[in-house]
Structures are given as C-alpha cells and as structure tokens.
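One letter stands for each residue in the lines below.
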Amino acid sequence: MKLYFRPFACSLAARIALEEAELDAEFVQVPADGRLADGRHFSQLSPMGYVPAIETRGGFVLTEGPAVLTYIAELAPEGSLSFTGFSDAHYRMLGWLNFIGTELHKAVFTPLLGKAAGPEERAAALARVAKPFGVLARHLEGQAFLEDRFTVADAYLLSVLNWCEHSGVTIADWPVLLDYRTRLRTRPSVARAMAEEWPLLKAA
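Cut-off values and rules
- Residues numbered from 1 in each chain as written.
- Predicted model: local features only at pLDDT ≥ 70, side-chain atom pairs only at ≥ 80, totals over all residues.
- Heavy atoms only, no water.
- Helix = DSSP H or I, 4+ residues; strand = E, 2+ residues; numbered from the N terminus.
- Rg over C-alpha atoms; globule rule 2.2 N^0.38 Å.
- Buried < 20%, exposed > 50% of the residue type's maximum accessible area, 1.4 Å probe, protein only.
- Contact = heavy atoms within 4.5 Å.
- Areas by Shrake-Rupley, 256 points an atom, 1.4 Å probe, with all protein chains shown as cover.
- Lys, Arg positive; Asp, Glu negative; His and termini not counted.
- Charge placed at Lys NZ, Arg CZ, Asp CG, Glu CD.
- 1 Å grid on protein atoms, 1.4 Å probe; cavity = no way out; pocket = protein on both sides within 12 Å on 5 of 7 lines; lining within 4 Å.
- Points joined across faces, edges and corners; volume = space filled by probe spheres on them.
- Nonpolar A, V, L, I, M, F, W, Y, C, P; charged D, E, K, R; others polar.
- Phe/Tyr/Trp six-rings, centres within 6.5 Å; stacked < 30°, edge-to-face > 60°.

Draft legend 1. Up close: the overall build of the protein chain. Of the regular secondary structure elements, the protein chain holds 9 helices and 4 strands. Reading the helices (α) and strands (β) of the protein chain from amino to carboxyl end gives β-α-β-β-β-α-α-α-α-α-α-α-α. For 204 residues, the compact-globule estimate of 2.2 N^0.38 gives 17 Å, and the C-alpha radius of gyration of the protein chain, at 17 Å, lies within 12% of that figure. Expressed as lengths along the three principal axes of its C-alpha atoms, the size of the protein chain is roughly 45 × 45 × 30 Å. Relative to its full complement of 204 residues, the protein chain shows a buried share of 48%. Across the protein chain, contacts joining residues at least 24 apart in sequence account for 66% of those joining residues at least 6 apart. Here the protein chain has roughly 10100 Å² of accessible surface; of this, 56% comes from carbon and sulfur atoms. Here the protein chain contributes 20 positive and 24 negative side-chain charges, whose respective centroids are spaced 5 Å apart.

The following block contains the structure:
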C-alpha cells in the first residue's frame, strides 16, 4: 500500500491514521511539479492533483481525503479508528469528516492558503471561520475527542487546525480548540507523523 502525500497537507491525517492503526505503508512524497520518481505524473493517480491518494497492492487507487480516511479506518484493527456496525457514533464520525472537509478545509483554508484568492475572497474566508469553529468549540467543551475516542475525524481536524497560524486564523480566540490541538499533538501517532513530515516541509 502506498500513501501519496505532501508535507503537512491534509494527507497528514492519513499518515496519522496509519501510524495509529500500525498499518504498513510506503509513503511517497508528491513533488510540486507532480512528476513521480517512477515516471508517472501524479494526475494519472489523482485527476484533480490532490493528496492524499492511496494505491493498494492490487493497484486500486482511492482519492478524496474523507474516503481515504474511511478506507484506512476499515483496514485498522476493530474499533481503533472508527466505530463498528450501524452505530450512531459511526455515522456521526462520517458527518464530522464531511463537516471538516466542507466547512473548514474547502470553505476557509483553501482560499487562505492558496495563491489564487484575492483580498476579497480571503476576507470572506476569514469571516466564515467563526461559525464552524464555534460549533466545534461548543461540541468539544469538556471532552477529549469529537466522539468518545480518537478516530480518523480527529486526525483530519488536527491536520486542518495545524494550518491556523499560516493562514491568519487566530486559533487562540477559541481556547477549547487550541487546547484540543495542543493535546492531540502529544498523542504518539500524531507526534510521530508530524516528526516525519516536518523536515520535509522545511526542505520544500
């Protein structure tokens, strides 16, 4: 299994999940120009050019962050990254994956971190952060994780919250979220994943 990633992009969540579940994977860094070491262009695997992408041993390629995280969760030992069966918690977790992907990743951070957005679009993105951050802060008040244990949704949220300082989002305005991020960064799987990618980010 291969995970295609860029350092500290949303693919960090998939690396954290693989670390948490102790699943074996080869990590392939996608260069800025998309040209992979095997001669392929990354767009042959991920038509939109987005990470993460997972290539299984059978050659099946899966893209889109929430789908990749769900796939990893289902490969993991039972209960280690998700919830089993048709449980309410399982579907709430899927809801959080989509909430993070749409309300934060795409609506807020993509315009702030991308080079294409103009001043008005960036200002609108900054204005949008208050509502989803408020929802998350109220939900996380007094609890350690989005649900009753660490899941792939927490890995995704942590990865997105890592972008705050680089995008002009003042996470300290939401102390609950700052505390959540600080605590999760000390989790062994998170610390290992971040330690692996930090030198790669600095070298980029």
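Draft legend 2. Up close: the layout of surface pockets. Estimated volume of the largest pocket: approximately 960 Å³. Lining of the largest pocket is provided by 32 residues; of these, Ala9, Cys10, His105, Leu113 and Trp163 occupy positions nearest its centre. Mapped onto the lining of the largest pocket, the elements with two or more residues apiece are helix 2 (65-75), helix 3 (88-113), helix 7 (164-167) and helix 9 (188-203). The element contributing the most residues to the lining of the largest pocket is helix 3, with 9 residues. Among the residues forming the lining of the largest pocket, the class breakdown is 16 nonpolar, 10 polar and 6 charged.

Draft legend 3. Just the packing of aromatic side chains, in detail. Applying the stated criterion across every chain yields a total of 6 aromatic pairs. Ring geometry for Trp96 against Phe99: centres 5.5 Å apart, planes inclined by 85°, an arrangement best described as edge-to-face. Taken together, the positions of Trp96 and Phe99, both in helix 3 and 3 residues apart, correspond to about one turn of that helix. Neither Trp96 nor Phe99 differs from the other in exposure class; each is buried. Look at Phe133 and Trp174: their rings are 4.9 Å apart centre to centre, the planes differ by 85°, and that puts the pair in the edge-to-face class. Note that Phe133 is positioned in helix 5 (residues 130-140) and Trp174 in the loop between helix 7 and helix 8 (175-185), a separation of 41 residues in sequence. As far as the burial class goes, Phe133 and Trp174 line up, both buried.

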